[in-house]
Each structure stands twice: as C-alpha cells, then as structure tokens.
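Listed here are the chains, written in short residue letters.
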Amino acid sequence: MLKTLFEKIIYFAFTVFIFIILWNIMAALWEAFVPWNYKTDLIGIFVVIPALVAAAFILSSVSFKVIRNSGKS
C-alpha cells in the first residue's frame with residue numbers, strides 16, 4: 001500500500017514537472033505569435049490550459065510505462 005502511494009506521489013510530481021515545462025514553452029510561443037485581447041485570453045483559458053494538462057498526464061503516463069518496461073528486461 002505504501003509503495004502504490006509513493007508511486008502515485010512520484011507520478012503526480014512528474015506530471016506537474018512536465019506541465020511546468022509545457023507551460024513555459026507555450027508561454028514563449030504565445031507571447032511571440034498571439035495578439036493580446038480578450039478572445040485569445042479566453043481561448044488560452046478554456047482550450048490551451050486543458051490541452052496542456054491532458055498532454056502532461058499523457059506524457060507522464062507514457063514515461064512511466066516506458067520506465068517500468070525497461071526495468072523488466
């Protein structure tokens with residue numbers, strides 16, 4: 001039980017780390033290419049942020065599967 005809890009904590013921390021990296025990349029691209037107005041801000045809040053969260057969880061999940069499978073070989 002303690003092992004699964006520890007794995008979930010590591011998974012969540014890794015997901016947050018990936019989200020922060022994706023957030024910084026998206027912020028740099030957003031500043032460079034997207035004009036400032038309320039429409040683009042709403043797109044960022046309702047489309048881009050959920051997409052970044054989903055991408056962070058997907059990348060974290062795939063990373064953990066790769067790590068687990070590489071340890072079994």
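Our subject is the structure that appears above.
Residues numbered from 1 in each chain as written. Predicted model: local features only at pLDDT ≥ 70, side-chain atom pairs only at ≥ 80, totals over all residues. Heavy atoms only, no water.

A. Just the packing of helix α1 (residues 2–33) against helix α2 (residues 38–72), in detail. Interhelical geometry of α1 versus α2 gives an angle of 135° and a closest axis separation of 8 Å. Between α1 and α2, the crossing angle belongs to the class labelled oblique. The hand of the α1/α2 crossing is right-handed. Of the residues assigned to the contact of α1 with α2, the class counts are 19 nonpolar, 6 polar and 2 charged. (Axes fitted to C-alpha atoms, helices over the stretch in contact; angles between N-to-C directions. Helix = DSSP H or I, 4+ residues; strand = E, 2+ residues; numbered from the N terminus. Parallel < 35°, antiparallel > 145°, perpendicular 65-115°, else oblique. Left-handed = near helix turned anticlockwise from the far one by under 90°. Nonpolar A, V, L, I, M, F, W, Y, C, P; charged D, E, K, R; others polar.)

B. Summary view of the packing of aromatic side chains. Summed over the entire model, instances satisfying the criterion amount to 4 aromatic pairs. Both rings, one in Tyr11 and one in Phe64, keep their centres 5.6 Å apart while their planes meet at 80°; by these two values the pair is edge-to-face. Of the two residues, Tyr11 sits in helix α1 while Phe64 sits in helix α2, which places them 53 residues apart along the sequence. Overall, Tyr11 belongs to the partly exposed group, its relative accessible area being 25%. Exposure remark for Phe64: the relative accessible area of 16% places this residue in the buried category. Ring-pair connections join several aromatic residues into one group, and the members of that group are Tyr11, Phe14, Phe57 and Phe64. (Phe/Tyr/Trp six-rings, centres within 6.5 Å; stacked < 30°, edge-to-face > 60°. Buried < 20%, exposed > 50% of the residue type's maximum accessible area, 1.4 Å probe, protein only.)

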